[in-house]
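Structural description and commentary
Next come the chains, spelled out residue by residue.
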Amino acid sequence: MKSPLQTIAPDVIMHPLKQPKPESAELSPEMKLVREALFKHVGKPIPRKEDGRLITGKGRFSDDFSLPGQTYAAIVRSPYPHARILGIDKSEALASEGVLLVLTGEDILADDIKPIPHNPVPSTNFDMKLRAKDGSHAFTGPHYLLPSDKARHVGEAVAIVVAETAAQAADGAEKVVIDWEELPYVTDTAKAAAPGAPTIWDEVPDNVFIDTTFGDKEGTDAAFARADHVVKAEFHIQRVTGVTMEPRSSLGSYDPETGRYTLYAGSGGAVRQKNELSKVLGIEPKDLRVLSFDVGGNFGTRNRVYVEFGLVLWASAKIGRPVKYTATRSESFLTDYQGRDLVTKVELAIRKDGKFLAMRADNLSNVGGRAVSLSPLSKGSGLITGSYDIPYATLRARAVFSNTMCTQAYRSSGRPEVTYAIERLVELAADQLGFDKLELRRMNLIPPSAMPYTNAVGSVYDSGEYEKNMDRALELSGWATFDARKAEAATRGKLLGRGFANYVESSIGTPKERAEIEIKDDGNIEVVIGTQPSGQGHETSFAQVVADMIQVPVEKVWIVLGDTDIVSVGGGSHSGRSMRHAGTVMAMASAGLLAEGRKRAAELLGSTADRIDFEGGVFKLRNSNRTIDIFELGRRTRESHGPLRVVKDNEMHTPVFPNGAAVCEVEIDRDTGHVQIVRYTTIDDVGRCINPLIVHGQTHGGIAQGVGQAMWELCAIDQNSGQPLAGSFMDYGLPRSDTMPSFKCEIAEVISPTNPLGIKAGGEGGTTPALATVVNAVVDALSEFGVKDIQMPVTPANVWRAMNSGRKAS
Amino acid sequence: MYATTYHKPKTLSEAVSLYENSEEPSYLSGGHTLIPTLKSRLAAPQHLIDVRAIPELSGIEVTADKVIIGSATKHAVVAASREIKAAIPALSGLAGSIGDVQVRHMGTIGGSTANNDPAADYPAAVLALDAVVHTDRRAIPAGDYFQGLYTTALEPGEILARVEFKIPEIAGYAKFRNPASRYSMAAAFVARHRDGHIRVAITGAGNEGVFRWTEAEERLTENLSAEALEGLTIDPSLMMGDMHAPADYRAHLVAVMTRRAVQNLGGTHIL
Ligand SMILES: Cc1cc2nc3c(=O)[nH]c(=O)nc-3n(C[C@H](O)[C@H](O)[C@H](O)COP(=O)(O)OP(=O)(O)OC[C@H]3O[C@@H](n4cnc5c(N)ncnc54)[C@H](O)[C@@H]3O)c2cc1C
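Residues numbered from 1 in each chain as written. Chains lettered and ligands numbered in written order. Predicted model: local features only at pLDDT ≥ 70, side-chain atom pairs only at ≥ 80, totals over all residues. Heavy atoms only, no water.

**With respect to the site of the ligand**
Residues and elements named next belong to chain B. Taken together, 27 residues surround the ligand, and among them Tyr27, Gly31, His32, Thr108 and Asp121 come closest. A distance of 2.8 Å separates an oxygen atom of the ligand from a polar atom in the side chain of His75. In isolation the ligand exposes 960 Å². Once the protein is present, 88% of that is buried. Class assignment of the residues belonging to the shell around the ligand gives a composition of 11 nonpolar, 13 polar and 3 charged. Residue contributions to the shell around the ligand reach at least three from each of two domains, namely domain 1 (5–50) and domain 2 (55–166). (Near = heavy atom within 4 Å. Polar contact = N/O pair within 3.5 Å; in protein donor to acceptor, adjacent residues only side chain to side chain. Areas by Shrake-Rupley, 256 points an atom, 1.4 Å probe, with all protein chains shown as cover. Nonpolar A, V, L, I, M, F, W, Y, C, P; charged D, E, K, R; others polar. Domains from an automatic or database assignment.)

**Some details on the UniProt feature "domain: Aldehyde oxidase/xanthine dehydrogenase a/b hammerhead" (unreviewed entry) in chain A**
What UniProt calls "domain: Aldehyde oxidase/xanthine dehydrogenase a/b hammerhead" (unreviewed entry) maps, in this numbering, to residues 56–184 of chain A. Between the C-alpha atoms that bound residues 56–184 of chain A there is a distance of 51 Å. The span itself is 16% helix and 27% strand. (UniProt positions renumbered as here; feature names shortened; annotations may be inferred. Helix = DSSP H or I, 4+ residues; strand = E, 2+ residues; numbered from the N terminus.)

**With respect to the pattern of salt bridges**
Under the defined criterion, the tally for this structure stands at 80 salt bridges over all chains. Its salt-bridge partner being B:Asp248, residue A:Arg801 comes within 2.7 Å of it at the nearest N-O pair. Separated into two different chains, A:Arg801 in helix α21 (residues 796–805) and B:Asp248 in helix α11 (residues 247–263) make up a pair that spans both. Take A:Arg801: its relative accessible area is 27%, and that puts it in the partly exposed class. Of the charged contacts in the structure, one is a salt bridge between B:Arg137 and B:Asp136, with a shortest N-O distance of 3.0 Å. Overlapping salt bridges bring together A:Glu516, A:Glu518, A:Lys520, A:Asp521, A:Glu526, A:Arg638 and A:Arg645 as one network. (Salt bridge = Lys/Arg side-chain N within 4 Å of Asp/Glu carboxyl O. Buried < 20%, exposed > 50% of the residue type's maximum accessible area, 1.4 Å probe, protein only.)

**Notes on helix α13 (residues 437–444) of chain A**
Residues and elements named next belong to chain A. Within the sequence span of α13, burial applies to Leu438, Leu440, Arg441 and Asn444. On an axial view of α13, the arc spanned by its buried residues comes to 165 degrees, and they lie on one face. Looking at the buried side of α13, the elements it contacts are β14 (356–368), α12 (415–433), α14 (466–477), β18 (494–504) and α20 (770–781). Its side-chain oxygen placed 2.9 Å from the backbone nitrogen of Leu438, Asp436 serves as the N-cap of α13. (Arc of directions from axis to C-beta. Contact = heavy atoms within 4.5 Å.)

**Concerning the sheet that holds strand β1 (residues 5–7) of chain B**
All names here are of chain B. Strand order in the open sheet formed by 3 strands is β1-β3-β2, and the pairing between neighbours is parallel. In the strand order of this sheet, the two ends are held by β1 and β2 (25–28), each with one partner. Each strand axis lies, on average, 25 degrees off the axis of its neighbour in the sheet, ignoring direction. (Pairing = 2+ DSSP bridges. Axes fitted to C-alpha atoms, helices over the stretch in contact; angles between N-to-C directions.)

**A word on the UniProt feature "domain: FAD-binding PCMH-type" (unreviewed entry) in chain B**
Taken from the UniProt record, the annotation "domain: FAD-binding PCMH-type" (unreviewed entry) applies to residues 1–170 of chain B. Annotation note: span residues 1–170 of chain B, helix share 34%, strand share 20%, distance between end C-alpha atoms 44 Å.

Structural data, given as structure tokens:
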């Protein structure tokens, strides 16, 4: 199909993508081996190696670390959504018992501590290019560890107090006296972008710092003019937060003898923390060691640097003692990087027979007080047309500052938002125009014959069998027998509803990854890798890849991660990148290791490498009975050749597009509006699946997180005070085991042509369609009340209101 | 949490005298209301007097017409008691519906009744089951005991010792939980006493805490059935309103939950 991409106006930035060459086009002999690998362990549901350690309390989470002479930090936070700091009086705090140090934004400037270089604008060739309105590089708001001018959201750190004990630090923090000048504030997404809204940054008087239009405007306009029907909708995919089990924690220490800093802080990837924090402190990256071992949940919240991480390092150098800061759960609710918060206006142009002709979208992302990451806006921008063949589209993508905590990529960054928009819009179109909602989808799905498919905003979908996913999901869910269940539910006073959604998402992520593999003398294999699991089971699934390649039992393979003195390069874990990037580079490194092994074995056995076979972990001289086991080889050649070890770097740029479908059935209590999910079915094309047990587990978690947003979660803010209302579990609703049904999940493996292992990604696919699927089901259940749409979360109160008004709730 | 001194007296008199002779004291029972408050530095008692080792505050006694529960008795113990289940199944079901497993193994009936959280469960049972609250110094009828949000007839230093419930002819408890906190967002405890009189206590909803819904009682006195409540509504201006449930929705839920309590007499209905 012809890409409708053209430049339409000077201020419109075109997507640079043409047809990418698959990176696996030329395979080295060793990479062929990767391809041909026996896949002995890969694909098997091996139980997670790490679980024994984690459930017996042997995990090493950040707060588990303590250093001699350690001190404790407490943070003074802004009680106001927007207020100028006229002055800060430290004296009472400094006089408080045990207090050693108080630092403020003035000290940051005095010590020339730099802002965190978040680099919020995604910049790979495959990311949508987001710019300011005039096409220039956007102003994203410097993120100093402590501001010296004003606080831009409730909870913003404005001072750090360090004391001998945590309680003394908290006492001291209460005694820091700040002279505030309250300023007008705005927290609501649409209002922040409306004319006359209070200005958050003087550099961007109207708060809208990104305003870019993508796609073929003329083509889109023409298609809309031609269309028989136009269906419009507006949605707010509300603000939520990650709610990790482990609150963020950091322990910083400075060694004056070596001039080196050390930071223990769980994150989404230690290497990024090291690189960015060294810039903050104005030191060489080598002078900062970051350790991040077990991480109790991330979901995106921990991918970016937190101010407290820099603060403990800076403070530790100032007092010459280690400084620890661990957030309380309340601080986490207030100041963990939050997610979503997109207002989207969408329009679909449809031909009489139901064919989609064109789409328009206007997406407005609320980044909070400053831009930490534009990943959600960018990722979503490339996928506005979803799983459908929509020849023309234009998208206006805007980002706005507001007096709220910063947002960041949150599980499946940007994709659930746009999936929600297109899947709800298709549903509304079917309803308004009298189409069957499944047939309307089916008629417009991208067929496998069109793969690789370039969508109307330039994303190239690598592979997928979308209609097959749809059929399978419907079959598994018992779609055909719904009516009988609905009738039965009605006898119990329950309204049964069903919802369906297709999805396609993208996985790009940091392109570089390095693997180091060493054959240890003790009969183990050590793999050093720069991703950072927070529950994804890398220690198992990564070991499976290496075990397959080197043909040894998976128990012998140990994954080492999370210490920047050992792991020098690493893209971290986000965007579903880990298995694809790490799996590929580990396979390549394994292949390299075998090549080296063959060479050494040849020397030892008095032959040439091309006559050495390798099987079952043993090198064998062809047509002889002379063999040597890989561990023995390592031992015997260590002295002469050094350790049997290989370091491999790999870069992969081509994105992959996991896809699938989900079906949800809800039962609504007619009298109260209480919603219970009774069935949930998914099909996920993850490309090659390394460990189905782990992928299923990730899918289950992903579903719960998506369902959580649809049903309960909301970072509510009181419009009359700008104060966050959901400061604890008393008010922030989460999914629980007894509010989730038993899921029916199936994995589809359409091998991706973009990488040697054929991997796409797993884990985010559970989340991506969940919001739309649940809301579609709820709206379906409420159809007899004339309900067409409902705002998330679909809490009982919202459902009751919708039933009563038959209009859009709240 | 601010620094505080912990005491664990073994007798009632020791506890009371500790209280009277300390600066800013507070009794502590299961701690599942008080400790979170301390941890977020919203309260700063200088002395915590743990009442759980005082023998008079523990134990369950079931007689022909009464269930008497010591104030330090945990929710899980009430929920698991066969005698209570046989005597007042709705009461044991109520106890078993509080919070989660951890909360039920720490929180106590005395702490809950002394605290009088407007969303707590026990106050509904205390009021509907025409209970008497026994303290270290007197007996207070339920009708006089609850005095508004987080307020009771307990005087400073007075220790809640036991709660004495009347065994009703039949009772039912229906609760609609807050989707986030799982506390009650509207719940009704309906009891028909052996003398025939009906009590309907509503918790989680009223803007002055637990209360008796006398209109519902009147209707149910004539006819103890859900149909008797048909068309009966409660004034939303008497209700609490928050982000989870505006007042009109709470008023609606009160009516629904009262009907469901009647439909589930002899047990509970938890949504
Ligand atoms: C996560 C969570 C969920 C919960 N969910 C629910 C729920 O669904 N429903 C519900 O009803 N409750 C719920 N609770 C509250 C729980 O039941 C509390 O434990 C209870 O309300 C207080 O009892 P306590 O024994 O913990 O009292 P404490 O916290 O120790 O004390 C509470 C107050 O009572 C005073 N006090 C305690 N004992 C006495 C006494 N003998 N005499 C005089 N004063 C005394 C204390 O000084 C304090 O002011 C929940 C709590 C938590 C943490």
